[in-house]
Amino acid sequence: MTLKTTLAAPFYHSHVPKLGKSELIYYYSFDRRWMDRDQVELLLRRGIDQGLIRTDGEYYFLLFDISEVQIPIGYKPSSAIFEVTDPVQQLMDRITARSGETQEEVAGRMNELIKDKFDGNIRPEAALIILAKQSGAEYIDLIPAFSSELMKKE
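As for the overall build of the protein
Reasoning step 1: Tallying secondary structure elements over the protein gives 7 helices and 3 strands in all.
Reasoning step 2: Order of helices (α) and strands (β) in the protein, N terminus to C terminus: α-β-α-α-β-β-α-α-α-α.
Reasoning step 3: With the principal axes as the frame, the protein shows a C-alpha extent of 55 × 35 × 25 Å.
Reasoning step 4: The long-range fraction of contacts in the protein, counting pairs at least 24 apart against all pairs at least 6 apart in sequence, stands at 59%.
Reasoning step 5: Summed over its atoms, the accessible surface of the protein is roughly 9500 Å², and 51% of this surface lies on carbon and sulfur atoms.

Shown next, in the form of structure tokens:
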């Protein structure tokens, strides 16, 4: 299960649009016993970094529609939610799986697109999104991760 599912769970079960940090710590650490306080802090930081939640300093809000997420009965997140994944690599994997090309071929197409079609005026991330759209690979869920990565680089 995903980071998105884990972040949505307390909002889903509480039926509220916002929760305080102490409520989230209570839900994850004491009510569900999924993680300790430090892991909750990491979870919230990852959610903010990936554009899935935001905070106004007091409350946390989901930045996606909770109806997009299915939370199965007996759900418990795995430790994989704490692993940082590279959105560029994820998208490359999706494109190669969809198109049947190798990573080198996709990278070559990306560089060709950057150089020939945009005269070097497009970032590799944007070129990959164009290639994903052309190949029919899913990319919408990675856009918040790409956006947060671009904000860090500026």
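Following the structure, the description resumes.
A few points about the layout of surface pockets
Reasoning step 1: Reported here for the largest pocket is a volume of approximately 830 Å³.
Reasoning step 2: Along the walls of the largest pocket sit 33 residues, with L3, R46, Q50, L52 and D141 positioned nearest its centre.
Reasoning step 3: Elements that contribute at least two residues to the lining of the largest pocket include exactly helix 1 (3–14), helix 3 (37–49), helix 4 (87–99) and helix 7 (143–153).
Reasoning step 4: No other element matches helix 7, which puts 5 residues into the lining of the largest pocket.
Reasoning step 5: Of the residues assigned to the lining of the largest pocket, the class counts are 15 nonpolar, 7 polar and 11 charged.

Some details on the packing of helix 5 (residues 103–117) against helix 6 (residues 124–135)
Reasoning step 1: Where helix 5 contacts helix 6, the axes come no closer than 9 Å and their chain directions differ by 115°. By the angle class used here, helix 5 and helix 6 are roughly perpendicular. Handedness of the crossing formed by helix 5 with helix 6: right-handed. Each of V106, R109, M110, L113 and I114 in helix 5 lies in contact with helix 6, whose residues at this interface are P124, A127, L128, I130, L131 and Q134.
Reasoning step 2: Across the contact of helix 5 with helix 6, the residue classes tally to 9 nonpolar, 1 polar and 1 charged.

Some points on the packing of helix 1 against helix 2 (residues 21–31)
Reasoning step 1: In the contact formed by helix 1 and helix 2, the axes pass within 11 Å of each other and the chain directions differ by 105°. What the angle tells us is that helix 1 and helix 2 run roughly perpendicular. Taking contact as the criterion, the partners of T6, L7, A9, P10, F11 and H13 in helix 1 are, on helix 2, L24, Y27 and Y28.
Reasoning step 2: Looking at side-chain class alone, the contact of helix 1 with helix 2 contains 7 nonpolar, 2 polar and no charged residues.

A look at the sheet that holds strand 1 (residues 18–20)
Reasoning step 1: Ordered by their spatial adjacency, 3 strands build an open sheet running 1-3-2, and the pairing between neighbours is antiparallel. The sheet terminates laterally at strand 1 and strand 2 (53–55), the two strands that pair on one side only. Averaged over all neighbouring strand pairs, the angle between strand axes comes to 30°, with direction disregarded.
Reasoning step 2: Along the sheet face, helix 1 touches strand 1, strand 2 and strand 3 (59–62) and points at about 100° away from the line of strand 3.
Reasoning step 3: Contacts between helix 3 and the sheet are confined to strand 2 and strand 3, with strand 2 contributing the most and set at about 105° to the helix.

Conventions and cut-offs
One numbering rule holds for all chains: residues counted from 1, following each sequence as written. A pLDDT threshold of at least 70 governs which residues receive local features in this predicted model, and a stricter bar of 80 or more applies before side-chain atom pairs are shown or counted, although totals over entire chains, interfaces and linings include all residues. Where side-chain values are given, they derive from all heavy atoms of the structure, hydrogens and water being excluded. The helix count covers DSSP runs of H or I at least four residues long, the strand count covers runs of E at least two residues long, and both are numbered beginning at the N terminus. In this description, contact between two residues means that some pair of their heavy atoms is separated by no more than 4.5 Å. Each accessible area is a Shrake-Rupley result for a 1.4 Å probe, and residues are judged covered by the shown protein chains and nothing else. A pocket here means an open set of points on a 1 Å grid, computed over the protein atoms alone, that has protein on both sides within 12 Å along at least five of seven lines. A cavity is instead a set of points where a 1.4 Å probe fits but cannot get out; residues with an atom within 4 Å of a point line either one. Grid points are joined across faces, edges and corners, and a volume is the space filled by probe spheres set on the points. For this scheme, ten residues count as nonpolar: Ala, Val, Leu, Ile, Met, Phe, Trp, Tyr, Cys and Pro. Four count as charged, namely Asp, Glu, Lys and Arg, and the remainder, Gly too, count as polar. In this analysis, axes come from line fits to C-alpha atoms, helices being fitted only over the stretch in contact, and the angle between any two N-to-C directions falls in the range 0 to 180 degrees. These descriptions rest on fixed angle ranges, namely under 35 degrees for roughly parallel, over 145 for roughly antiparallel, 65 to 115 for roughly perpendicular, and the rest for oblique. Whether a crossing is left-handed or right-handed is set by the direction in which the near helix is turned from the far one by less than a right angle, anticlockwise for left-handed and clockwise for right-handed. Should DSSP find at least two bridges between two strands, the strands are taken to pair.

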